[in-house]
Amino acid sequence: MEKQVTLPYGKYVMVWFGLLALTALTVTAASLHFGKWSVLAAIVIATVKSSLVVLYFMNIKYEEKIFKIMLAVAILTLMVIMVLTFADILFR
Amino acid sequence: MSYGSADNSLPLKNFRTTKGRHGGVLDWILSTDHKRIGILYLISILSFTAVAIVIGLLMRLELIAPGETIVKPETYNALFTLHGVIMIFLFVVPGLQAIFGNFFLPILIGARDVAFPRLNLLSWWCYMIGALMAVLALFTGGGAPDTGWTFYVPYSVRTSTNVSLAVLGVFVLGFSSILTGLNFVTTVHRMRAPGMTWFRIPLFVWASYSTSWIQILATPVLAITVLLVAFERLFAIGIFDPASGGDPLMYQHLFWIYSHPAVYIMILPAMGVVSEILPTFARKPIFGYKAIAFSSLAIAFFGYLVWGHHMFTSGMSDTARWVFSLLTFLVAIPSAIKVFNWVATLYKGAIQMSPALLFTMAFIFLFSIGGLTGLIQGALATSIHTHDTYFVVGHFHYIIFGGTGFAFIAGLLYWFPKMYGRLYRMKPMYIGWGLMFVGFNALYFPMLILGWMGMPRRYYDYIPEFQFWHVVSTVGSWILVSGIILIAVEFFRARKHGPIAGDNPWGGVTLEWHIPSPPPHENFEVIPQVTWDTYDFEHGLPEKTAEGASHS
Amino acid sequence: MSTAAHADSGHHLEHHQDHTGAKIGMWLFLFTELLMFGSLFLVYSDYRMQFPADFHFSATSLDPLVGTINTLVLLTSSLTMALAIAALDRNRQRIAVRLLGVTIFLGGVFLVNKYFEWSAKFAHDLYPGSETLSMMAEGERQFFNLYYAMTGLHGLHVLVGMIIIAVMLWLVARKPRQKHMLLDVQPARVTLQDANDRELLVLPADDHVHEVHVTLVYDQHEELSRRHLIHLENTGLFWHLVDLIWIFLFPLFYLIT
C-alpha cells in the first residue's frame, strides 16, 4: 500500500564500489607527489565521493526540489563565509 | 473605535485552563503547546532582562563620576560582561522569535502547532539550562567573566574567571536557537492552512522565517568557536593561542561570522512586528508587501557578508577592509526599503492612535538613528575614529534597544489582549512611553557625543571633560527605567484585572484575531480556508470570513 | 453547524505522520553540522596556508594505512545503513535489523582504530598540553591541535550515531505492544483515545451525529515495523553525514605528505 522510497539494493552496492574506487584513487594520487596540486586533487576527489553519498545514499537526487534548494543555500552560505575570510588571510 | 467586548468573562476553555496529565506547574514546563511555551519564554526572558537592566543602572551609576564611584574596576568589567551576555544571549537573540514566534507563528498561518512540538519544549529547556550555566559561572570557578560578552582571545583563554562554564552555557543556548529555527522553517513549509499561499502569509511570518534561517546556519559557527575556547582552557588545545602559532584574528572572524547575522536575528522579528501593527492601526494594507517580504530574505542573506566591519582596526588585510565596507553599505538598502514602505503605509491611512502604534513609530525613528550611525561606522575612514568608543555603544543601543526593545513592547501592547484576554489601561502606557522616549534619548544620545569626543568603551574611568554628558546619560537611565516600571506594573495588573478584551479589540484581519482571546488549546475549531489577501480590511475582517462567522 | 465532511477534513489527518516535514527537519539539522565542521575546515585551511611545510611534516606521523582502513570501514557502514533502510522499506524487518547490527559493529571498529591511533600518539608524548608538543614548531602544534579537535569531535559523532542506530534497531526489532483504545461517545462529542490518553480522533459538537463507525486495521508485525521508516531514514541521514565528514578529514590529515 505504501510507495517504496528507496532504490534497488544493487544501486547502493554500485555506489559503494564507486566510493571504494575513488578511495583507491585518492590514496594513489597522494603517493604520486603532485606537490602543490595534491591538495586540490584530494579535495576534488573528496567532493566527488561526497556527491555520491549525498545524491544516492542520502537520496537527494530523488527528493523533492525543496530539499535541493535548501542544500544549495546551506552550501552557498558556507562558501561565502570561506571566500570572505580568505579575503583577509590571503592578503595579509 | 471602542475596545473590549460585551462579554464579561474569558472563554472557559482556553489554552491556560486545559488540563494536562500532571497538574500544576508541571503542566506548563512539560507542555508541548506552542502558546504555553511562548509564555514560558516570556516569563524567563523578562526575568533575566530585569536583572540585566539593574546591572545597566549600576553601570550608569558608576559612570556618573570619574574614578571609583560604587564598584571596583574588576567588578565593573564583570558587570558590563554580564550585562552584555544576558541582554544579548538571554534577551534579544531568543527574544521576539521565541516569545511571539512561538505564540503566534502557527496561528498566523492557520496551524494547530509547530511541526515538532516536543522539540519546541526542548528548545525552552536548552534555554533554561544554558542560562543556568551562565548564572552558575558567576558564582563558581574564578567568578564572573570579565572579558566582555565577545570573549576575545587571548584574554578569554588566559583570565582566571569562569569563562569555560560561561561559554559552555552559550553553547547550550545555541542549541535552543537552532532548534527553534529548525522548527519554524519546517512549520512554515509544511503546515500552512489551505489557501494560505507563500504570498498570503503575514509579514511577521516572513520575518520569522528569515530569522529562522539565520538561526540554523549562523549559530553553529558560534557553537564551534566557543567550544574551541573551552577546549583551549580545558584541554590546552590552543587553536587561537598566538604562542603556539594560533591566529587570534581567526577567533574574531569566527565570532563575528555568527554575531553579525545574530543582530539580524534580533531585528528581523522586530521589523515583523512593526509590519503587523502598522496596517491594523492605519486600517489599510501594508505598502509593498512583496518588497518587505523579499527585504526580509535579503537582510538575512546579506547579513552573512558584512561581519568584517567589526574588525576594521584588528589587523585584517586592506582587501578585506574595503570589501566588507562596500558590502556593509549594501546591507542597509533592504532595511531602508522597509522604512520607506512603513511610512507609506501610514500615509493616507485611517490612523487610530494606541500605545502599540506609538511605540512602533518610536521604533522607526530610533532604528533610523541607529542605522545612520551604523553607516558612519561602515565607512573605513570614520570607523577608525569611532571603533571601540562610546559611539559604538550609542549606535547599537539605538538599534537593539530603540529597535528590538521598543518593538518588543509594541508587540506586547498589540498582542497582550490576545494572549491574556484582557485589556490594559491606556494612560499608564502613554505616560510610560513618554518617559521611555525622553529617557532613552537622554541616556544614549550623549554616548554618540562622548564617543565622538574620544571616550573609549568598557572604560571604568574617564577625563573630567566627559563628565557632563555622563551625568546626562545617567539621569536619562533613571527616567527610562521609571517608564519601564510604569508599563511593567500596568501589564502585571492587567493580566488579572483588566477588562475583557474580546476576540478583536483592534479590528485586525490576520488570523489571530479570528479566534477567541485567549486562544483555545488547538487554536482553531476548524482549520480555516484562506480566500482573502493578508491585509485586506474589506474581506479579511473576522466577521466577513467564513470561519469568523461560524465562530461567532 | 459544520457538515460532516467539514469536520472530517479538519480532523482525520490530525495524527498523520508528515514524512516530508520530518525529513526537512533532519536536513536542517544536518546543515548545522555542515556549518560547524565547515568552520573547522576553514581554520584548517588558514593554518595550512600559513604553515605548509609543518603540516606536510606532521602528517607523516599519521599512519595512512589505518586512515584508509577507517575510510573503508565508514564507507561500508554507510552502505549497510542504506541497505537496512531499503530492507525496511520492503518490509524485510529481519534483514534490516541485521544490517543495522553490522552498521553499529563497523562504527565500533572505527572507534577502536581511533583509540589505538590516539593511544600511540599519547605514548609518544604527543597530546595537547604535552611537553613534546610544546617544543615543536608552531605549524606542527596547530596541526595536532586541529587533528585532536576535529577527529575528536568526529569520533563523538560516530559514538552518538551508533547509540541512535542501536535505539532504532531495538525499535524496529521489537514486537508492538497491545493497543487499547477507548471510544467515548457523549451527546455532543465523540473521542477515540489510545492507551496513553492521546486523542486520536475528535468529532466536535454536532447534534446531527447519529452513528459513529470506527474501523481499526491491524497491520502485520513486519508492516507495523515500517512505521519507523521515516525515523530510520533520518538516522541514516545523520550516519551518512558522519561518513561525509570523514571523507574530507581523511585526505586532509593523512594524505598530504
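The next subject is the overall build of chain B. In terms of helices and strands, chain B carries 17 helices and zero strands. Since a compact globule built from 552 residues should have a radius of gyration of about 24 Å, the 23 Å found for chain B is in line with a globular shape. Considered along the principal axes of its C-alpha atoms, chain B spans approximately 70 × 45 × 45 Å. Here chain B holds 552 residues, and the buried ones make up 59% of them. Within chain B, counting contacts between residues at least 6 apart in sequence, those at least 24 apart form 83% of the total.

Right, let's talk about the overall build of chain C for a bit. Of regular secondary structure, chain C possesses nine helices and three strands. Order of helices (α) and strands (β) in chain C, N terminus to C terminus: α-α-α-α-α-α-α-β-β-β-α-α. Within chain C, the fraction of its 257 residues that count as buried is 41%.

So, about the interface of chain C and chain B. Often, the extent of an interface is quoted as the loss of accessible area upon association of its parts. Taken together, the contact between chain C and chain B spans 32 residues of the former and 32 residues of the latter. Counting only elements with at least two residues in the side of chain C that touches chain B, the list comes to helix H1 (4-11), helix H2 (19-50) and helix H7 (138-173) of chain C. Ranked by the residues each element gives to the side of chain C that touches chain B, the list is headed by H2(C), at 14 residues.

This paragraph deals with the nonpolar core. Nonpolar side chains in soluble globular proteins generally cluster together in the buried interior. Residues and elements named next belong to chain B. In this structure, Phe359, Phe363 and Ala410 are the most contacted members of the largest nonpolar core, which totals 269 residues. Ranked by residues supplied to this core, first place goes to helix H9 (residues 248-282) with 23 residues. Residues within four places of phenylalanine 359 in sequence aside, it is in contact with Phe406, Ile409, Ala410, Leu413 and Trp433.

All names here are of chain C. Taken in spatial order, the three strands line up as S1-S2-S3 in an open sheet, and their pairing is antiparallel. With one partner strand each, in any of the chains shown, strand S1 (182-186) and strand S3 (199-203) form the two edges of the open sheet. Strand-to-strand twist in this sheet, taken as the mean axis angle between neighbours without regard to direction, amounts to 10°.

For chain C, the assigned domains read domain 1 (18-176 + 221-254) and domain 2 (182-215). One C-alpha centre belongs to domain 1 of chain C, the other to domain 2 of chain C; they are set 48 Å apart.

Bringing the environment of Arg60(B) into the picture now. Looking at the secondary structure, you find Arg60(B) in helix H2 (residues 34-62). Overall, the presence of 20 C-beta atoms within 10 Å leaves Arg60(B) in the buried class.

On the chain C side, the residues contacting the 32 residues of chain A number 34 residues. For the side of chain A that touches chain C, the secondary-structure elements that each account for two or more residues are helix H1 (9-31), helix H2 (36-57) and helix H3 (65-89) of chain A.

Moving on, we get to the environment of Arg48(C). Note on placement: Arg48(C) falls in helix H2. Taking the C-alpha atoms as reference, Arg48(C) lies 41 Å from Ile230(C); in sequence the two are 182 residues apart.

With that settled, the discussion passes to helix H4 (residues 64-89) of chain C. Look at H4(C): 37 Å from first C-alpha to last across 26 residues, which is about the 38 Å you get at 1.5 Å a residue. Asn91(C) lies just past H4(C) and shows a positive phi near 60°.

The end-to-end C-alpha distance of helix H3 (residues 73-92) of chain B is 27 Å, a good match for the 28 Å that 20 residues give at a rise of 1.5 Å each. A large share of H3(B) lies buried, amounting to 15 of its 20 residues.

A few words now on the confidence of the model for chain C. All names here are of chain C. Residue-level pLDDT values for chain C average 85, and 81% of them are 70 or greater. Ignoring residues within four places in sequence, the model shows residues 1-15, a span with pLDDT below 50, making 15 contacts including any to other chains. Scored as a complex, the prediction yields pTM 0.91 and ipTM 0.93.

All names here are of chain C. For the pair H2 and H7, the least separation of the axes is 10 Å and the interaxial angle reads 165°. Classified by the angle their axes make, H2 and H7 are roughly antiparallel. The way H2 lies across H7 gives a crossing that is left-handed. Contacts from Leu40, Val43, Tyr44, Tyr47 and Gln50 of H2 reach H7 at Gly139, Gln142, Leu146, Ala149 and Met150. Broken down by class, the residue content of the contact of H2 with H7 amounts to seven nonpolar, three polar and no charged.

Here Val44(A) is to be found in helix H2. When the 13 C-beta atoms within 10 Å are taken as the criterion, Val44(A) is described as partly exposed.

Rules behind the numbers
Residues numbered from 1 in each chain as written. Chains lettered and ligands numbered in written order. Predicted model: local features only at pLDDT ≥ 70, side-chain atom pairs only at ≥ 80, totals over all residues. Helix = DSSP H or I, 4+ residues; strand = E, 2+ residues; numbered from the N terminus. Rg over C-alpha atoms; globule rule 2.2 N^0.38 Å. Buried ≥ 20, exposed ≤ 12 C-beta atoms within 10 Å, placed from the backbone. Contact = placed C-beta atoms within 7 Å. Core = buried A, V, L, I, M, F, W, Y, C linked by C-beta atoms within 7 Å. Pairing = 2+ DSSP bridges. Axes fitted to C-alpha atoms, helices over the stretch in contact; angles between N-to-C directions. Domains from an automatic or database assignment. Expected span 1.5 Å × (residues − 1). pLDDT = per-residue confidence, 0-100. Parallel < 35°, antiparallel > 145°, perpendicular 65-115°, else oblique. Left-handed = near helix turned anticlockwise from the far one by under 90°. Nonpolar A, V, L, I, M, F, W, Y, C, P; charged D, E, K, R; others polar.

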